[in-house]
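What follows is the residue order along each chain.
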Amino acid sequence: MAQSSPSPAFSTQIPARLDRLPWSRFHWLVVVALGITWILDGLEVTLVGALSPAIAGADGLDLTATQIGLSGSAYILGAVLGAVIFGRLTDHFGRRKLFTWTIGVYLLATIATGFSWDFTSFLVFRFITGAGIGGEYGAVNSAIQELIPARRRGYTDLAINGSFWVGAALGAMGSLVVLNPVVIDQQLGWRLAFAVGGGLAIVIIWLRRFIPESPRWLMTHGRAAEAEAVIERIEADVARRTGRSIPPHRDLGEIWLRPMRARWLDIARTLFVAYPKRTALCVVLMATQAFCYNAIFFTYAMILTRFYAVEPAAIGWFILPFAAGNFLGPLLLGGLFDSLGRRTMIGLTYGVAGALLCATGWAFAQGWLSATTQTAAWTVIFFFASAGASAAYLTIGESFPLEIRAVTISLFYAFGTLVGGVGGPALFGALIDTGEPDRVMQGYLLGGGLMLAAGVLARRFAVAAERRPLEEVAPPLSQVVQDAP
């Protein structure tokens, strides 16, 4: 049987044209329409955690503590599987289709959760909700990085990932309302919360109608004419909204591509043969930040209630400053990742967060902290840790070629979620159950030590990707050196 001849190579200036665009309303639309995913995730995680007593109670689904824990595990498992499956599909079918499909999955599953009638239905709907959110990570992160100009890619990506904590704050405030029997019937409050989450997803789908397919994805899939049409529409929109004409692109740099479809073998070869150091660093960055984040956040209420006698209904007030610190870190430090550079800032944020976490663990074991000062310490720690954790997603997206960008983001996210979502909370929960501050301190020292080690490795091995085109940091698999077929 005769083999089909390879596709002809062609040249394109699309990456350079995207990176030279002035910041405009188009870029703000990308930030809002795609970045709101993390607000939904933060809202989902925080609100469900706060609603657990109502869901488990007699006015809810009458669940045991074990069943509530299993529903959390179902959400995490769904996110892991959704990330891997939808991430692969994102590289195959395109960014735009998948960030529409995944938010649609989230919408339907979230509304369905509000109509759960027993433990089994609740478990299934939580699993599907997690799959939708997990699928968003690869589709949304890859689209953001490919549409935002290189000079602002770091700050934008960090600020968007940090917006998870805007959702967490909204979830904390929402819990104060829906858990108040004076305001709403407790049989309906938790169900209404899920309906509101689904309603927000409808707004997001409407906003995303205006986001085009990534021209970078189109060009590597042999759809050069479509890519050219998209970039021309973007340039015209930016020129109209900014009042600045876009200079001719005759003198911009170009690259030559021969379209291809990446196989799993290509993915494995890229990760472990072409870029083994980058792969190892991304594993370390994702695993350490996920371990610390999930260990602290999922046991946040347990620390406050068991060691500081904080009433469960008041937990939301303590989450608010913690969420503020997590959001302000990427927002205020993000610009430094584009100016001082990735290596310096990732190493600094991971290192400072790790050192402060160790110091806080020591102070906790000595009995020097109150509920207020403990919360203040966590707020400062995660001001730095949040910027570092957001930079982990940025680093993954930048470190690997365009053809496998979404699936690599998804794979590392899935790995980090499994490690942090299962191992971290389980370990800290067991240490808290001992009721001994010295044992809890051991968990803090472990988490802080891991962050410190990751910071040292980042300072040594992180890619200096600041202000550089994605195609320069990690050349596309479809790129060819020859200037002709």
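Here the structure is shown first, and the text comes after it.
The structure reproduced in this document is the subject of the present report. (Residues numbered from 1 in each chain as written. Predicted model: local features only at pLDDT ≥ 70, side-chain atom pairs only at ≥ 80, totals over all residues. Heavy atoms only, no water.)

**Brief notes about the packing of aromatic side chains**
No. 1: This structure, assessed with the given rule, holds 16 aromatic pairs.
No. 2: Aromatic pair phenylalanine 93 and tryptophan 101: ring centres 5.9 Å apart, planes at 55 degrees, arrangement tilted.
No. 3: Taking the centre distance of 5.2 Å and the plane angle of 70 degrees together, the rings of phenylalanine 322 and phenylalanine 382 count as edge-to-face. In this pair, phenylalanine 322 sits in helix H14 (residues 315-339) while phenylalanine 382 sits in helix H16 (residues 371-399), placing the two residues 60 residues apart along the sequence.
No. 4: With relative accessibility at 0%, the residue phenylalanine 322 sits in the buried group.
No. 5: On the basis of relative accessibility, which here comes to 2%, the residue phenylalanine 382 falls in the buried class.
No. 6: Among the aromatic residues, those joined into a cluster by ring pairs are Phe164, Trp165, Phe322 and Phe382.
No. 7: Of note, arginine 152 hangs over the ring of tryptophan 23, and the distance from its end group to the ring centre comes to 4.1 Å. (Phe/Tyr/Trp six-rings, centres within 6.5 Å; stacked < 30°, edge-to-face > 60°. Helix = DSSP H or I, 4+ residues; strand = E, 2+ residues; numbered from the N terminus. Buried < 20%, exposed > 50% of the residue type's maximum accessible area, 1.4 Å probe, protein only. Lys NZ or Arg CZ within 6 Å of the ring centre and 35° of its normal.)

**A few points about unusual backbone geometry**
No. 1: For alanine 309, which is not glycine, the phi dihedral falls at a positive 55 degrees.
No. 2: Using a relative accessible area of 62% as the deciding quantity, one classes alanine 309 as exposed.
No. 3: A positive phi is found at arginine 467, a non-glycine position, where the angle reads about 60 degrees.
No. 4: Within the secondary structure, arginine 467 is located in the loop between helix H18 (437-461) and helix H19 (470-473).

Purely geometric stuff here, so don't read any function into it on its own.
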